[in-house]
Amino acid sequence: MTDRALDPLDPLDPDLARLLRTMPKAELHVHIEGTLEPELIFELAQRNGVALPYPSVESLRAAYAFTDLQSFLDLYYAGASVLLAESDFFDMAMAYYRRAAADGVVHAELFFDPQTHTDRGVPMAAVIGGLWRARAEAERTLGITSELILCFLRHLSEAAAFETLEAAMPFRDRFVGVGLDSSERGHPPEKFARVFARAGELGLHRVAHAGEEGPAEYVRTALDLLHVERIDHGVRAVDDQALVERLARERIPLTVCPLSNVKLCVYGSMAEHALPALLARGVCVTVNSDDPAYFGGYLYANYEALFAAHPAMGVREARRLAANSLEASFVGAGRKAVWLGRLEEVFAGG
Ligand code: ADE
Ligand code: ZN
């Protein structure tokens, strides 16, 4: 099921592979709409009477060959068009939770893009209601906890972001933060400074995609003008040594997505990925899946592909990455301490 075949590499040592899968970890960068597998897209299209421009699951999957972020986003938004009812959002999220639990995820912070749905006439209540019901069901049946983060689409206006925040206010207790995603180039963080300030006043956590395709400068402005607590991707920070030092010193987490970065041609191969270098320089790097249905695998597949392409990474790095993910999550100190204790037990036993 996993796809680490981006580079032809030797298989991972089985003991390391087992640790990578079973170690308790958090996933902090996953777009729930990016977990919509082609099979579910077809099922929901049929259920909702939506016509798809692909004749089969196979032909849709075959179209997943991307040249950059925008070439992916075009398909991602088209795929999300099959989501109409509350139960569609519930089914999509439950499918993700099952896969995440199998990969050793104990806690997930899920991005959702309300504008992708409300602009098609889907009520905000259906979007948040379905995700919220799945969140409770996943905790009850799989023991996985989670939070929701509402993302603004940066190719749209700040006024539209304000409208979205307003429309979500009746559900204020169901999401813990706001994020910023979609087409990065030409849509710098400062475009959203006022709506992020408002989110801060509302007591929401703030995160933003920056330095995925855009320059290191966008990482700086996301920090200084949007006052984000974490940077999503952020890999372009490597172009700016002073910025890397700041990230390490201030312990600002980067939610990095290795398979995504290779699939969207941010790196020519996994062996060129900057994650090991950032980790070695003391940055609080975490591993995440971004849009796993589109990029060839869920959280474990990302760890597997990364470690297989960087043979110098081993048990020490695995433990550090898992600990970083738990530390960088938005849960309270008590729960973090429990998970970190469990993490130590897993490594002591391994
Ligand atoms: N939306 C979904 N995936 C994304 C990504 N990798 N970058 C920006 N926006 C996204
Ligand atoms: Zn993302």
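Residues numbered from 1 in each chain as written. Chains lettered and ligands numbered in written order. Predicted model: local features only at pLDDT ≥ 70, side-chain atom pairs only at ≥ 80, totals over all residues. Heavy atoms only, no water.

Asks: Help me understand the overall build of the chain, please; the structure alone is not making it clear to me.
Replies: Per the secondary structure count, the chain includes 17 helices and 8 strands. For the chain, the C-alpha radius of gyration of 19 Å lies close to 20 Å, the compact-globule estimate for 350 residues. When its C-alpha atoms are laid out on the principal axes, the chain stretches across 50 × 45 × 40 Å. A total of 350 residues make up the chain; the buried ones form 59% of that total. Pairs at least 24 apart in sequence give 76% of the contacts found in the chain among residues at least 6 apart. (Helix = DSSP H or I, 4+ residues; strand = E, 2+ residues; numbered from the N terminus. Rg over C-alpha atoms; globule rule 2.2 N^0.38 Å. Buried < 20%, exposed > 50% of the residue type's maximum accessible area, 1.4 Å probe, protein only. Contact = heavy atoms within 4.5 Å.)

Asks: Could you clarify how one ought to interpret the coordination of the zinc ion (ligand 2) in this entry?
Replies: Bound to the zinc ion (ligand 2) on the protein side are His-29 (NE2), His-31 (NE2), His-209 (NE2) and Asp-290 (OD), at distances that span 2.0 to 2.2 Å. Coordination at the zinc ion (ligand 2) is irregular, judged from the 4 donor atoms that bind it and the angles of 83 to 175° they form at the metal. Mapped onto the sequence, the donors of the zinc ion (ligand 2) take the spacing H-x1-H-x177-H-x80-D. Within this pair, whereas His-29 is found in strand S1 (residues 25–31), its partner His-209 is found in strand S5 (residues 205–210), the two being separated by 180 residues in sequence. (Donors = N, O, S within 2.8 Å, 3.2 Å for Na, K, Ca; no water. Tetrahedral: all angles 85-135°; square planar, octahedral: opposite > 155°, others 65-115°.)

Asks: What is the right way to look at the site of ligand 1 in this model?
Replies: Taken together, the residues surrounding ligand 1 are His-31, Leu-69, Phe-72, Leu-73, Tyr-76, Asp-181, Ser-182, His-209, Glu-212, His-233, Asp-290 and Asp-291. Contacts to ligand 1 include Glu-212, whose side-chain N or O atom sits 2.7 Å from a nitrogen atom. Separating a nitrogen atom of ligand 1 from a side-chain N or O atom of His-233 is a distance of 3.5 Å. Within the complex, 100% of the 260 Å² of free accessible area of ligand 1 lies under protein. Per element, the largest residue contribution to the shell around ligand 1 is 4 residues, and it comes from helix H4 (residues 69–80). Split into classes, the residues belonging to the shell around ligand 1 amount to 4 nonpolar, 4 polar and 4 charged. (Near = heavy atom within 4 Å. Polar contact = N/O pair within 3.5 Å; in protein donor to acceptor, adjacent residues only side chain to side chain. Areas by Shrake-Rupley, 256 points an atom, 1.4 Å probe, with all protein chains shown as cover. Nonpolar A, V, L, I, M, F, W, Y, C, P; charged D, E, K, R; others polar.)

Asks: Explain the environment of Asp-91 here, please?
Replies: On the secondary structure map, Asp-91 appears in helix H5 (residues 86–102). Sequence-wise, Asp-91 and Arg-133 are 42 residues apart; in three dimensions their C-alpha atoms are separated by 9.9 Å.

Asks: It is not clear to me how helix H8 (residues 158–168) should be interpreted in this structure. Could you clarify?
Replies: Along an α-helix, a turn takes 3.6 residues, which lines up residues three or four apart on a common side. Buried within H8 we find Glu-158, Ala-160, Ala-161, Thr-164, Leu-165 and Ala-168. Seen along its axis, H8 keeps its buried residues to an arc of 155°; they face one direction. Residues of H8 that are exposed and angled more than 90 degrees away from the buried face: Glu-163 and Glu-166. At its buried positions, H8 is contacted by helix H6 (114–118), helix H7 (124–142), strand S3 (145–153), strand S4 (177–181) and helix H9 (193–201). (Arc of directions from axis to C-beta.)

Asks: In this structure, what is going on with the packing of helix H10 (residues 216–225) against helix H11 (residues 241–249)? I would like to understand it.
Replies: The interhelical angle for the contact between H10 and H11, taken along N-to-C directions, is 40°, at an axis separation of 10 Å. As judged from the angle between their axes, H10 and H11 are oblique. As H10 packs across H11, the resulting crossing turns out to be left-handed. Where H10 approaches H11, its residues Ala-216, Val-219, Arg-220, Leu-223 and Asp-224 are matched on the opposing element by Ala-242, Leu-243, Arg-246 and Leu-247. Across the contact of H10 with H11, the residue classes tally to 6 nonpolar, no polar and 3 charged. (Axes fitted to C-alpha atoms, helices over the stretch in contact; angles between N-to-C directions. Parallel < 35°, antiparallel > 145°, perpendicular 65-115°, else oblique. Left-handed = near helix turned anticlockwise from the far one by under 90°.)

Asks: Teacher, can you tell me more about the packing of aromatic side chains here?
Replies: The relative placement of two aromatic rings is captured by the distance of their centres and the angle of their planes. Counting across every chain of the model gives 12 aromatic pairs. Ring plane angle 65° and centroid distance 6.1 Å describe the contact between Phe-152 and Phe-196, whose orientation is recorded as edge-to-face. With Phe-152 in strand S3 and Phe-196 in helix H9, the pair connects residues that are 44 residues apart, well separated along the chain. For the pair Phe-152 and Phe-196, one class covers both residues: buried. An aromatic cluster of at least three residues, connected via ring pairs, comprises Tyr-64, Phe-66, Phe-72, Tyr-76, Tyr-77, Tyr-294 and Phe-295. Its end group placed over the ring of Tyr-300, Arg-21 keeps NZ or CZ at 4.0 Å from the ring centre. The ring of Phe-330 carries the charged tip of Arg-230 above its face, separated from the ring centre by 4.0 Å. (Phe/Tyr/Trp six-rings, centres within 6.5 Å; stacked < 30°, edge-to-face > 60°. Lys NZ or Arg CZ within 6 Å of the ring centre and 35° of its normal.)

Asks: In this structure, what is going on with helix H16 (residues 315–327)? I would like to understand it.
Replies: Taking 1.5 Å per residue, 13 residues should reach 18 Å; H16 reaches 18 Å between its end C-alpha atoms and fits that length. Within H16 the residues assigned to the buried category are Glu-317, Ala-318, Leu-321, Ala-322, Ala-323, Asn-324, Ser-325 and Leu-326. (Expected span 1.5 Å × (residues − 1).)

Asks: Is there a simple way to think about the pattern of salt bridges in this case?
Replies: Between side chains of opposite charge, pairing is possible as soon as their charged atoms come close. Scanning all chains against the criterion turns up 21 salt bridges. The partner of Glu-158 in a salt bridge is Arg-194, with the nearest N and O atoms 2.7 Å apart. In this pair, Glu-158 sits in helix H8 while Arg-194 sits in helix H9, placing the two residues 36 residues apart along the sequence. Looking at Arg-194, the relative accessible area reads 55%, which means it is exposed. Close ionic contact of Arg-246 with Glu-250 constitutes a salt bridge, the shortest N to O distance being 3.3 Å. Overall, the relative accessible area of 42% leaves Glu-250 in the partly exposed class. Connected through salt bridges with shared partners, the residues Glu-37, Glu-39, Arg-61 and Arg-99 form a single ionic network. (Salt bridge = Lys/Arg side-chain N within 4 Å of Asp/Glu carboxyl O.)

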